[in-house]
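Architecture at a glance
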Amino acid sequence: MEKLYSVRVSCQAQAKRVKQGLCMLRKCLFTQTFIGQSAKSKRPKEPGENKIKPINKKVKPKGLKMKEREPVDSSSKSQSILMQVMDKGRFQKLTATLSLSAGQSIELRCKGSNVTWSYPSYLDTFKDSRLSIKQLDRYGQLILTNSTAADTGEYSCWLQLCNGNKCRKDETKTGSTYIFFTDKEELFVPTPSYFEIVYLNPDKPAVIPCRVTTPLAKVTLHREFPAEEIETDETNIIYDAKKGFVYQHPTSDHKGIVYCKAESQGAPQISIKYHLLYVEVPRGPPSATIVASPSRAKVSDGIHVACTVLGEPDVDVNFSWQYPGQEQLERPVIIQNFWRLINRGTGHTTRISKSVLIIEDFEARDAGNYICIAQNLQGTTTVATRVELN
């Protein structure tokens, strides 16, 4: 029995030693394999192999980068100086357009010590007290309170560069934004009249100014007679929410009475009516004529000297006179200026501007040359006639 027990103990001890030997052998084999692979992966390095070479990464030499920047003139870049003042003293740079609800107030600021502002002209026409403009030390300030749909339009500012009494606009420091003051009751920007004339000139685009108070409105153009919608092809007739419908190349076929219709989450609204008149008058200084009636007058007769200009319907003409006895301020004369539109047929409309000089009681000193000077944006024309004492 003792012999059997000793044999069992001997076998267990031997098994333990075999197990330990297997572990040692496994560890040895793992170590040799790892070292062998590491040694196998190593090879003599080529010259310069330790340098790091970037992969798929373009590296521009500093000199080349400087050359690319040299031609750029930083002074030619326009810098926006316009900001909106938000709540809690925060500021926000403005984008090309901004939409606000009618009734809201807005404060705009432009950085600079000499700022000039531009805004919808009617605010000046009616001297609106809701508008306040101030120039402070470091910025110009524009505040508009209790806004309405009629305030919709372009708001811009720029820095003035002055040398003595001469000032010019700094084109590099400007700011501009178009503000829509939305009002569901007023989809179209209100106008002071219910009817407007639009002149169609063959050499320049014509604008039907049915502007809207929200850029989300769907706007269509309609002819009154025959009643029909005028299609916009985005080439010859386009729609711009900031301007209205634009006829790029007006023709006599476009004349007539039109109106706009807008829809935005509710019942459609109709704009005022626009009368499109086609004109075809050469651009240039006024084409003037002068006639005296009569050309020979007796003492105490009445005379009329009329100066007439035929021109474009939308071009104003200014008149001035030179006449005998003008330096003698006590000599009474009457000068009447007026204009009217005439239809020359085939859809062409022309403006007749006239200035009439009247002397009710002709005297000997009134005999002589009567000179009319007519001026428009394109130039000046001078015409003369002579009145004789009979």
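Residues numbered from 1 in each chain as written. Predicted model: local features only at pLDDT ≥ 70, side-chain atom pairs only at ≥ 80, totals over all residues. Heavy atoms only, no water.

**Let's talk about the overall build of the protein chain**
Operational definition: A helix here means a DSSP run of H or I that spans at least four residues, while a strand means a run of E at least two residues long, and both kinds are numbered starting from the N terminus. Accessibility here uses a 1.4 Å probe with only protein chains present; expressed as a share of the type maximum, an area under 20% marks a residue as buried, one over 50% as exposed, and anything in between as partly exposed. Contacts were defined at the residue level, with two residues in contact if any of their heavy atoms lie within 4.5 Å. Accessible surface area values rest on a Shrake-Rupley calculation with a 1.4 Å probe, where residue burial reflects the displayed protein chains alone.
Looking only at helices and strands, one finds three helices and 27 strands in the protein chain. In the protein chain, which comprises 390 residues, the proportion classed as buried is 34%. In the protein chain, the proportion of contacts linking residues at least 24 apart, taken out of those at least 6 apart, comes to 67%. Accessible surface for the protein chain amounts to roughly 26,000 Å². Of this, 53% is attributable to carbon and sulfur atoms.

**A short note on the sheet that holds strand β26 (residues 368-376)**
Spelled out, the test is: Only strands joined by at least two bridges in the DSSP assignment are considered to pair.
Spatially, four strands are ordered β21-β27-β26-β23 in an open sheet, and the strand pairing comes out mixed. A strand with exactly one partner marks an edge of an open sheet, and here the two such strands are β21 (296-297) and β23 (318-322).

**Here we look at the sheet that holds strand β15 (residues 237-240)**
Applicable threshold: All axes here are fitted lines through C-alpha atoms, helices being fitted over the stretch that makes contact, and every angle between N-to-C directions spans 0 to 180 degrees.
Here we have three strands laid out as an open sheet, ordered β12-β16-β15, and antiparallel in their pairing. Pairing within the sheet leaves two strands with one partner each, and these edge strands are β12 (206-208) and β15. Ignoring strand direction, the axes of neighbouring strands in this sheet form an average angle of 25°. Pairing of β12 with strand β16 (residues 244-247) involves three bridges; the strand directions are antiparallel. Within β16, the residue paired with Ala 206 across the bridge is Tyr 247.

**Points about the state of the cysteines**
For clarity, the cut-off: Note on disulfides: each one is a pair of cysteine sulfur atoms within 2.5 Å.
Taken as a whole and judged by the stated rule, the model has four disulfides. Between the sulfur atoms of Cys 110 and its disulfide mate Cys 157 the distance is 1.5 Å. Across the S-S bond of Cys 110 and Cys 157 the torsion is about -40°, and the bridge reads as left-handed. Here Cys 110 is found in strand β5 (residues 106-111), whereas its partner Cys 157 is found in strand β9 (residues 153-163), with 47 residues between them in sequence. There is a disulfide in this structure between Cys 162 and Cys 167, and the S-S distance comes to 1.9 Å. One disulfide, between Cys 162 and Cys 167, carries an S-S torsion of 110° and so falls in the right-handed class. Judged by relative accessible area, Cys 162 falls into the partly exposed class, the value being 40%. Under the relative-accessibility criterion, Cys 167 is labelled partly exposed at 40%. Counting only the cysteines that take part in disulfides, in the order they occur along the protein chain, gives the pairing 1-2, 3-4, 5-6, 7-8.

**Describing the pairing of β23**
Here β23 shows a buried face lined by Phe 319 and Trp 321 and an unburied face lined by Asn 318, Ser 320 and Gln 322. Two elements, β23 and β26, share five bridges in a ladder whose sense is antiparallel. Residue pairing across strands places Asn 318 opposite Gln 375, the latter belonging to β26.

**Focus on unusual backbone geometry**
Omega for the bond connecting Phe 225 with Pro 226 falls within 30 degrees of zero, at -10°, which places this linkage in the cis form. With respect to the helices and strands, Pro 226 occurs in the loop between β13 (218-223) and β14 (228-230). A cis amide bond links Ser 293 to the next residue, Pro 294, at an omega of -5°. Of note, the phi angle at Ser 300 is positive, near 80°, even though the residue is not glycine. The residue Ser 300 is located in the loop between β21 and β22 (303-311) in this model.

**Side note on a negative patch on the surface**
Note the following rule: Every patch collects residues that have over 30% relative accessible area and no salt bridge, joining them within 9 Å if they carry like charges and within 5 Å if they are nonpolar side chains (Val, Leu, Ile, Met, Phe, Trp, Tyr). Should a side-chain nitrogen of Lys or Arg be within 4 Å of a carboxyl oxygen of Asp or Glu, the pair is scored as a salt bridge. When charges are counted, Lys and Arg contribute as positive and Asp and Glu as negative, whereas His and the chain ends are disregarded. For charged residues, the charge sits on one atom: NZ in Lys, CZ in Arg, CG in Asp, CD in Glu.
A cluster of acidic side chains, namely Glu 229, Glu 231, Asp 233 and Glu 234, defines a negative patch on the protein surface. The exposure class of Glu 231 is exposed, given its relative accessible area of 69%.

**Here we look at the packing of aromatic side chains**
Filter applied, for reference: Centre distance within 6.5 Å is the pairing criterion for rings of Phe, Tyr and Trp, where only the six-membered ring of Trp is used; planes under 30 degrees apart are then read as stacked, over 60 as edge-to-face, and the remainder as tilted. Two limits define a charge over a ring: the Lys NZ or Arg CZ must be within 6 Å of the ring centre, and within 35 degrees of the ring normal.
The final tally for this structure, using the stated rule, is two aromatic pairs. Note on Tyr 239 and Phe 245: the rings are 4.6 Å apart at their centroids and 50° apart in plane angle, and the pair reads as tilted. A cation over a ring is seen here: Lys 169 above Trp 158, with NZ or CZ 4.7 Å from the ring centre. Just above the ring of Trp 339 sits the side chain of Arg 351; from NZ or CZ to the centre is 3.9 Å.

**Description of the pairing of β15**
Alignment of β15 against β16, held across four bridges, turns out to be antiparallel. Residue pairing across strands places Tyr 239 opposite Phe 245, the latter belonging to β16. Remark: three residues form the turn of the hairpin made by β15 and β16, two consecutive strands paired antiparallel.

**Here's the deal with the pattern of salt bridges**
By the definition in use, this model includes eight salt bridges. Residue Asp 151 is joined to Arg 130 by a salt bridge in which the shortest nitrogen-to-oxygen separation is 2.9 Å. Pair noted here: Asp 151 is in the loop between β8 (139-144) and β9 and Arg 130 is in the loop between α3 (122-125) and β7 (131-135), with a separation of 21 residues, a long-range link. An identical accessibility class is assigned to Asp 151 and Arg 130; each is buried. The shortest N-O distance in the salt bridge between Glu 228 and Arg 223 comes to 3.3 Å.

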